[in-house]
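Listed below, chain by chain, are the residues.
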Amino acid sequence: MDEVKEQKINIKFCHRLGKSSEETYEMLRLAYGEDVISKEKAHEYFMRLENGIVEERGRGRWSTGGRSTENVDKVMKLIQEDRRTKVKDICKAVGISYNTCRRILLEDLNLRQVNGQWIDAVMGHCVDM
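Reading guide: rules and limits
Residues numbered from 1 in each chain as written. Predicted model: local features only at pLDDT ≥ 70, side-chain atom pairs only at ≥ 80, totals over all residues. Heavy atoms only, no water. Salt bridge = Lys/Arg side-chain N within 4 Å of Asp/Glu carboxyl O. Helix = DSSP H or I, 4+ residues; strand = E, 2+ residues; numbered from the N terminus. Buried < 20%, exposed > 50% of the residue type's maximum accessible area, 1.4 Å probe, protein only. Pairing = 2+ DSSP bridges. Polar contact = N/O pair within 3.5 Å; in protein donor to acceptor, adjacent residues only side chain to side chain. Contact = heavy atoms within 4.5 Å. Axes fitted to C-alpha atoms, helices over the stretch in contact; angles between N-to-C directions. Parallel < 35°, antiparallel > 145°, perpendicular 65-115°, else oblique. Left-handed = near helix turned anticlockwise from the far one by under 90°. Nonpolar A, V, L, I, M, F, W, Y, C, P; charged D, E, K, R; others polar.

S.K.: Sorry if this is basic, but what is going on with the pattern of salt bridges here?
M.R.: Oppositely charged side chains can form a pair if their charged atoms are brought close together. In this structure the tally under the stated criterion is 5 salt bridges. Salt-bridge contacts for glutamate 26 lead to arginine 29; the nearest nitrogen and oxygen are separated by 2.6 Å. Of this pair, glutamate 26 and arginine 29 both sit in helix H2 (residues 21–32), 3 residues apart, which is roughly one turn of that helix. Taking relative accessible area as the criterion, arginine 29 reaches 37% and is therefore assigned partly exposed. Ionic pairing is found between lysine 74 and glutamate 70, a salt bridge with its closest N-O pair at 3.3 Å. Here glutamate 70 and lysine 74 lie together in helix H4 (residues 69–81), a separation of 4 residues that amounts to about one turn. With relative accessibility at 52%, the residue glutamate 70 sits in the exposed group.

In structure tokens:
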């Protein structure tokens, strides 16, 4: 297996264990020595994972796995049930990262939080329940 690909797999593993970017890079440096990828590349890949973006096999292109239609629908359902739901609670319920959840709320659903309630950013009213 290509060493860069192997290191990306290890970064993904550390991310799933809840390690920080710094902790992950330190472990890579210890394991691979001089053959470790650059700190910038490791951090870039880590942040892509943090934002719910995964690499498609064999193509080298990035896709938004966490922002699927299914996850957007789950987030909307949770907001409709309780418009005071916190982002961290939505993340846990849907099984996505915090940043992915924020992007779904702000970009896909066009919602903003005002006084602890999620409102439609365009119409300026609370989400229908």
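More follows now that the structure is in view.
S.K.: Quick question: what am I supposed to make of the pairing of strand S3 (residues 111–114) here?
M.R.: Moving residue by residue along a regular strand, the side chains alternate between the two faces of the sheet. Sheet topology note: the S3/strand S4 (residues 117–120) ladder contains 4 bridges and is antiparallel. Within S4, the position partnered with arginine 112 by the bridge is isoleucine 119. Joining the antiparallel neighbours S3 and S4 is a turn of 2 residues, in which asparagine 115 adopts a positive phi near 50°.

S.K.: Explanation requested: the side chain of serine 21 in the structure shown.
M.R.: Relative to the helices and strands, serine 21 is located in helix H2. A distance of 2.9 Å separates a polar atom in the side chain of serine 21 from a polar atom in the side chain of histidine 43. Sequence-distant contacts of serine 21, defined by excluding residues within four places in its chain, comprise His43 and Phe46.

S.K.: Looking at this structure, how should I read the packing of helix H1 (residues 3–16) against H2?
M.R.: The axes of two packed helices give the description: the angle between them and the distance between them. Packing of H1 against H2 brings their axes to within 10 Å, and their N-to-C directions diverge by 140°. Between H1 and H2, the angle is such that the two are oblique. The crossing of H1 and H2 is right-handed. Contacts between H1 and H2 pair Glu3, Glu6, Gln7, Asn10, Ile11 and Cys14 from the former with Thr24, Met27, Leu28 and Tyr32 from the latter. Of the residues contributing to the contact of H1 with H2, the split by class is 5 nonpolar, 3 polar and 2 charged.

S.K.: Can you walk me through the packing of H2 against helix H3 (residues 39–50) in this structure?
M.R.: Packing of H2 against H3 leaves a shortest axis separation of 10 Å and a crossing angle of 130°. When the interaxial angle is binned, H2 and H3 end up oblique. When you trace H2 past H3, the crossing you get is right-handed. Each of Ser21, Glu22, Thr24, Tyr25 and Leu28 in H2 lies in contact with H3, whose residues at this interface are Lys39, Ala42, His43 and Phe46. In terms of residue class, the contact of H2 with H3 is made up of 4 nonpolar, 3 polar and 2 charged.

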